[in-house]
Structure formats: C-alpha cells, structure tokens
Amino acid sequence: MTPPSYGYTPRRTRRPTHFVLLILAALIATSGVSAQPAQQPQQPQQPQQPQQPQQPQRPPDPTIAAADRGRILGSENAKLWMLIVSDFQCPFCKEWHDATWSAIRSEYVDTGKLRVAYVNFPLGMHPNARPAAIEAMCASAQGKFWPVADALFRTQVRWKDLPAPRAFFDGIAASARLDASARQACLAGTAIQSLIDADQVRMSRAATTSTPTFFIGGSRLEGAHPIAQFRRVIDAELAGRRP
C-alpha cells in the first residue's frame, strides 16, 4: 500500500524527454502495427513464390479510440505536453485539481502553449477510484471527459465512501447530458476497463507509485504542488531550460 506522504512532501525529478514521448505515443489508440525485424544478410535469390494475401489489420476499438482522444486537451500545435497521472478518489489529487488545475488550464492550455492528457492510476486503497475512472472514460468516449472529471473531483467527498456509487454517478452523467444508452453500453463492456488497465501498466513501468504525478516535457513532479511550482517548471520547459 502506498503511504500517503506524497501529498505533503512533493518531489521533483527529471526524466528524458523521449521517455515522456513514448508514454504519449502509447496513449493514442493505433492499429497495432508491429515493429519490423532487423535486416538479415542477403541470401542467394530464390524463385519467387506467389504471395499470400495479407490478413487485414484489426481496426482499433471505436470506444477506446474515442475515449483516448477525449482525455486530451489543448492545441495540436502546443509546444509542450503534460501528463496528469491521477486517481479520482485521491484527496491530494482533488487538492491539486481544486487549487491549481484551473490556473494551468487558463494560462497555458487555453493559450495554446500546453497540451494535456489525463492518465488513470486508481490506487488499490481507494475502492471507488476505479468505478469513477470508468465513468470518466465512458464520458470521454462521448467527448465529455473534462466536465465529468471536474464534477467527480468537485463531489468527491459525497461519493468516496459510498458502498455502491453508481446511483450518484448517474446524476453526474445526467448533468453532463451524456447519451444514456451509449453510457450504459460502455459501462457494461470491457473496453474502458482494458484502457484503464493499460494506463496502470504504463505508469507502473514509468516507476509511478503515487498520485498525483505529472510528466511535463522532461520533468517529473510528484505531489500536489502549488501553481508557482508548475509555472516554474512549465516556463522553463517552454524556454528549453532545465527547471
């Protein structure tokens, strides 16, 4: 179990920029093209055999593709990416969201400087974190991730200890005007669960153990830092300087 100290003792480290780019590349659903094998030494030419018809590639799941796109915010021309690795039931994630997120969004995202992606990392100590993540990603499949994410954090104290939060989440979905039948089909399926599983695997491989964690260009922040710290890191990354 992860100790809750990260909310009080945030840390800042650096990671290579290419590491973050690899995570970003994995976020967007693709057709699953495999890597090419290494080139082999030339062999004597053999008579050509008739080519076998290639099997068509399986298209990406449309729910996963839509949900993946929906959790990304900001201009495609933004110079810098930030990954928000978070848990909807985490009190420190709510603290950061309530105190810092709106300033980052208005100062950097809305102005075209920063592009943001939300990555799910529901912690085992939070039993309602995964159901909340599924709700948010099903909303993302309908293009409503960010308003539903805002609502989940805003109302966290009301649903975090519920033995069955679905009825409460129904109200959030209704307020966001989600298509009810599409939402029910999404919640009943397994596509979104597999997407959240993939998020957790990627972040575990990135040595993420706590929330919130942020990857900003080549920098990594852990904990609910105040806006001043984010400004320092983002401005430095935009300027190509080490924070």
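Residues numbered from 1 in each chain as written. Predicted model: local features only at pLDDT ≥ 70, side-chain atom pairs only at ≥ 80, totals over all residues. Heavy atoms only, no water.

Notes on the overall build of the protein chain
When helices and strands are tallied, the protein chain shows 10 helices and 6 strands. Split into buried and exposed, the 243 residues of the protein chain put 46% on the buried side. Across the protein chain, the fraction of contacts at a sequence separation of at least 24, relative to all contacts at a separation of at least 6, is 79%. With the model as given, the accessible surface of the protein chain reaches about 13300 Å², and the carbon-plus-sulfur share is 53%. (Helix = DSSP H or I, 4+ residues; strand = E, 2+ residues; numbered from the N terminus. Buried < 20%, exposed > 50% of the residue type's maximum accessible area, 1.4 Å probe, protein only. Contact = heavy atoms within 4.5 Å. Areas by Shrake-Rupley, 256 points an atom, 1.4 Å probe, with all protein chains shown as cover.)

Section: the packing of helix 7 (residues 166-175) against helix 8 (residues 180-188)
Packing of helix 7 against helix 8 leaves a shortest axis separation of 12 Å and a crossing angle of 140°. Between helix 7 and helix 8, the interaxial angle falls into the category oblique. Considering only the axes of helix 7 and helix 8, their crossing is right-handed. Here helix 7 contributes R166, F169, D170 and A173 to the contact with helix 8, which in turn contributes R183, Q184 and L187. (Axes fitted to C-alpha atoms, helices over the stretch in contact; angles between N-to-C directions. Parallel < 35°, antiparallel > 145°, perpendicular 65-115°, else oblique. Left-handed = near helix turned anticlockwise from the far one by under 90°.)

Describing the pairing of strand 3 (residues 80-86)
For strand 3, the tally of buried residues reaches 6 of 7 residues, placing the bulk of the element in the interior. Sheet analysis places strand 3 next to strand 4 (residues 114-120), joined by 7 bridges and oriented parallel. Bridge pairing in strand 4 places M82 opposite V116. Note that strand 3 and strand 5 (residues 213-216) share 4 bridges and pair antiparallel. Paired with V85 across the bridge in strand 5 is T213. (Pairing = 2+ DSSP bridges.)

A few points about the packing of aromatic side chains
This structure, assessed with the given rule, holds 11 aromatic pairs. With centroids separated by 5.4 Å and ring planes inclined at 20°, the aromatic side chains of W101 and W146 adopt a geometry described as stacked. In this pair, W101 is assigned in helix 3 (residues 91-109) and W146 in helix 5 (residues 145-154), connecting sequence segments 45 residues apart. The same class applies to W101 as to W146, namely buried. Centre to centre, the rings of Y118 and F145 are 5.1 Å apart; their planes meet at 55°, and the pair counts as tilted. Separated by 27 residues along the polypeptide, Y118 in strand 4 and F145 in helix 5 bring together distant segments of the chain. Comparing Y118 with F145 shows no difference in burial state: the two are buried. A network of ring pairs unites the aromatic residues F88, W96, W101, Y118, F145, W146, F153, F214 and F230 as a single cluster. (Phe/Tyr/Trp six-rings, centres within 6.5 Å; stacked < 30°, edge-to-face > 60°.)

Notes on the confidence of the model for the protein chain
When pLDDT is averaged along the protein chain, the result is 84, and 76% of the positions lie at 70 or above. For the stretch residues 1-19, pLDDT sits under 50, and the model shows 44 contacts to residues farther than four places along the chain or on other chains. Per-residue pLDDT stays below 50 along residues 28-47; that stretch engages in 11 contacts with residues further than four places along the chain or on separate chains. (pLDDT = per-residue confidence, 0-100.)

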